[in-house]
Amino acid sequence: MNFKFLTIVMLSVSFCFAQEASEKKRYTLDANQFYGSIMLHNPDISHLITSHPGGVILSYNRKTYGAEAWEELYNYPDLGFSFIYQNSNNSTLGDNYGLYAHYNFYFFRRNMQFRIGQGISYATNPYDKETNFRNNAYGSDLLSSTYLMLNYHRENILKGLGFKAGISIIHYSNANFRAPNTSTNTLAFNAGFVYDLDGGKEIEFIHREKEKLTEPLRYNFALRAGVNESDVIDSGQYGFAVLSAYADKRVGRKSALQLGTDVYFSNFLKELIRYQSIAFPENNVDADDDYKRVGVFAGHELFINEMSVISQFGYYVYYPFDFEGRTYLRVGLKRYFGDKVFGAVTLKSHGAKAEAVEFGIGIRL
């Protein structure tokens, strides 16, 4: 799935690097080589799975020690940037070059590291109806890309040099910005080294007294927009807008529960309805069928610092045209500017099938 976190452009992590309130800083570099397989998440890409992709992951990390309260809350994660080169070993798919922002989270006495990264990747050989019609995975040269790593991680084994190894999943998709968009998911084993730029010096973590956080019911209003295309190749890219209203209630320092509604104005459906009414009369689609949809959803918001991660599950209560089923998912990131105004980048999908990346602004009252 474009689970895809989303596209959920975690390049917003860069805002966090501005938080230099403490002089306690430490930086590391790590380099990993990976080798794996493209997973068959969709039978339509079976002709593209002919060999094993490999590549490298290079990363720059800033460690946190509790200068901000959220750092202790999440067990002092790292913030960083990374670069991935993936050689698909398949001339039809080509290669991928990606730039990402990432978080590293630690578990089990900081011996296990979980990384989530989001960014943009360049595909060297995307779909072309004349020269590369077999590549139905990538419909554009610029792709949204998400990657996950779960590693055994040991720093400063010898003079600042450490070791890490584990598994990675790398996802490439353009989230239906342009068809085709079957996407790929690479499952790989990775291993490499981590080097402390300060030679392994120890810095103590800052600990604070736990504070209980309570908030009244809050009300959110958001406008989301973007551009997408149906799965019909060359059917055209169209703008869309989504109006959202929902209430949320904090249930702790990290979480809030949400309940609300969405109204969708998806112009690509206008063209798809017209196309199906002509090309597939047996589907009983009328060219005048309404393209608008209304959904209700329940969701969760995970607060980090000025950023939060949202996940929502919705159901269309107004659904005049059948497109990918009545249920939908939204996952993504919000970035707060002050106490009330926020920006958001979210991925809207139907199960494993992405519909669009949404760019939004909103207010939380």
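Further up the page is the structure itself.
Residues numbered from 1 in each chain as written. Predicted model: local features only at pLDDT ≥ 70, side-chain atom pairs only at ≥ 80, totals over all residues. Heavy atoms only, no water.

Enquirer: Where do I start with the overall build of the chain in this structure?
Expert: The helix and strand tally for the chain stands at two helices and 16 strands. For 365 residues, the compact-globule formula gives about 21 Å, and the C-alpha radius of gyration of the chain, at 22 Å, lands near that figure. Projected onto its principal axes, the C-alpha coordinates of the chain cover approximately 70 × 55 × 25 Å. A separation of at least 24 residues holds for 64% of the contacts in the chain among residues at least 6 apart in sequence. Of the roughly 16600 Å² that the chain leaves accessible, carbon and sulfur atoms contribute 61%. Of the charged side chains in the chain, 37 are positive and 38 negative; the average position of the first set lies 7 Å away from that of the second. (Helix = DSSP H or I, 4+ residues; strand = E, 2+ residues; numbered from the N terminus. Rg over C-alpha atoms; globule rule 2.2 N^0.38 Å. Contact = heavy atoms within 4.5 Å. Areas by Shrake-Rupley, 256 points an atom, 1.4 Å probe, with all protein chains shown as cover. Lys, Arg positive; Asp, Glu negative; His and termini not counted. Charge placed at Lys NZ, Arg CZ, Asp CG, Glu CD.)

Enquirer: Explain the pairing of strand β9 (residues 218-228) to me, please; I cannot follow it from the model alone.
Expert: Side-chain positions along a regular strand alternate between the two faces of the sheet. Judged by which residues are buried, β9 turns out to be one-sided: R218, N220, A222, R224, G226 and N228 face inward and are buried, whereas Y219, F221, L223, A225 and V227, on the alternate face, are not. Relative to strand β10 (residues 238-250), β9 runs antiparallel, the two being bridged by eleven bridges. By the bridge assignment for β10, N220 is matched with Y246. Relative to strand β16 (residues 353-364), β9 runs antiparallel, the two being bridged by six bridges. Bridged to R224 within β16 is G360. (Buried < 20%, exposed > 50% of the residue type's maximum accessible area, 1.4 Å probe, protein only. Pairing = 2+ DSSP bridges.)

Enquirer: What exactly am I supposed to notice about the layout of surface pockets here?
Expert: Here the idea is plain: a probe the size of a water molecule rolls over the atoms and shows the empty space left. Estimated volume of the largest pocket: approximately 660 Å³. If you go around the largest pocket, you meet 25 residues; those closest to its centre are L213, R250, R253, I304 and N305. If you list the elements that add at least two residues to the lining of the largest pocket, you get α1 (69-73) and β14 (327-337). The element best represented in the lining of the largest pocket is α1, accounting for four residues. Grouping the amino acids of the lining of the largest pocket by side-chain chemistry returns eight nonpolar, three polar and 14 charged. Its volume calculated, the second largest pocket comes out at about 380 Å³. Forming the boundary of the second largest pocket are 20 residues, of which L142, S144, N174, F177 and F359 lie nearest the centre. Elements that contribute at least two residues to the lining of the second largest pocket include exactly β5 (112-123), β6 (142-158), β9 and β16. (1 Å grid on protein atoms, 1.4 Å probe; cavity = no way out; pocket = protein on both sides within 12 Å on 5 of 7 lines; lining within 4 Å. Points joined across faces, edges and corners; volume = space filled by probe spheres on them. Nonpolar A, V, L, I, M, F, W, Y, C, P; charged D, E, K, R; others polar.)

Enquirer: What's the story with helix α2 (residues 267-279) in this structure? I'm lost.
Expert: The α-helix winds at 3.6 residues per turn, so residues separated by three or four positions along the chain end up facing the same way. Along its 13 residues, α2 runs 19 Å from first to last C-alpha, staying within 8% of the 18 Å computed at 1.5 Å per residue. For α2, the full list of buried residues reads F268, L269, E271, L272, I273, Q276 and S277. Residues of α2 that are buried make contact with β9, β10, β11 (255-266), β12 (293-303) and β16. (Expected span 1.5 Å × (residues − 1).)

Enquirer: What is the right way to read the sheet that holds β9 from this model?
Expert: Picture the strands of a sheet paired through backbone hydrogen bonds; they go either parallel or antiparallel. The eight strands lie next to each other as β9-β10-β11-β12-β13-β14-β15-β16, forming a closed barrel whose pairing is antiparallel. Recorded for the sheet is a direction-independent mean angle of 25° between the axes of neighbouring strands. (Axes fitted to C-alpha atoms, helices over the stretch in contact; angles between N-to-C directions.)

Enquirer: Teacher, can you tell me more about the side chain of R250 here?
Expert: When you line up the elements, R250 lands in strand β10. There is a polar contact of 3.2 Å between the side chain of R250 and the backbone oxygen of G252. From its side chain, R250 meets the backbone oxygen of R253 in a polar contact 2.9 Å long. Apart from the residues within four sequence positions on either side, R250 is in contact with L213, E215, S255, A256, F303 and R364. (Polar contact = N/O pair within 3.5 Å; in protein donor to acceptor, adjacent residues only side chain to side chain.)

Enquirer: Hey, could you run me through the packing of aromatic side chains in this one?
Expert: The geometry of two aromatic rings is summed up by the distance between their centres and the angle between their planes. In this structure the tally under the stated criterion is 19 aromatic pairs. With 6.4 Å between their ring centres and 75° between their planes, W70 and Y103 make a pair best called edge-to-face. Taken together, the residues span a long stretch of sequence, with W70 in helix α1 and Y103 in strand β4 (residues 95-107) at a distance of 33 residues. For W70, a relative accessible area of 7% puts it in the buried group. Centroid distance Y336 to F342: 5.8 Å. Interplanar angle 65°. Geometry classified as edge-to-face. Sitting over the face of the ring of F303, R250 holds its NZ or CZ atom 3.9 Å from the ring centroid. A cation over a ring is seen here: K348 above Y264, with NZ or CZ 3.6 Å from the ring centre. (Phe/Tyr/Trp six-rings, centres within 6.5 Å; stacked < 30°, edge-to-face > 60°. Lys NZ or Arg CZ within 6 Å of the ring centre and 35° of its normal.)

Enquirer: Would you mind showing me how to read the pairing of strand β8 (residues 184-196) here?
Expert: Pairing geometry for strand β1 (residues 27-38) and β8, over eleven bridges, is antiparallel. Paired with T28 across the two strands is D196, which belongs to β8. Taken together, the twelve bridges between strand β7 (residues 161-173) and β8 define a ladder with antiparallel strand orientation. Of the residues in β8, the one forming a bridge with G162 is V194.

Enquirer: Help me understand the side chain of D78 in this model?
Expert: Tracing the backbone through its elements, the reader meets D78 in strand β3 (residues 78-87). The exposure class assigned to D78 is buried, which follows from its relative accessible area of 1%. Within polar-contact distance, the side chain of D78 engages the side chain of K63 at 3.2 Å. Setting aside anything within four residues of it in sequence, one finds D78 in contact with N61, R62, K63, T64, H102, Y103, N104, Y106, R110 and Q113.

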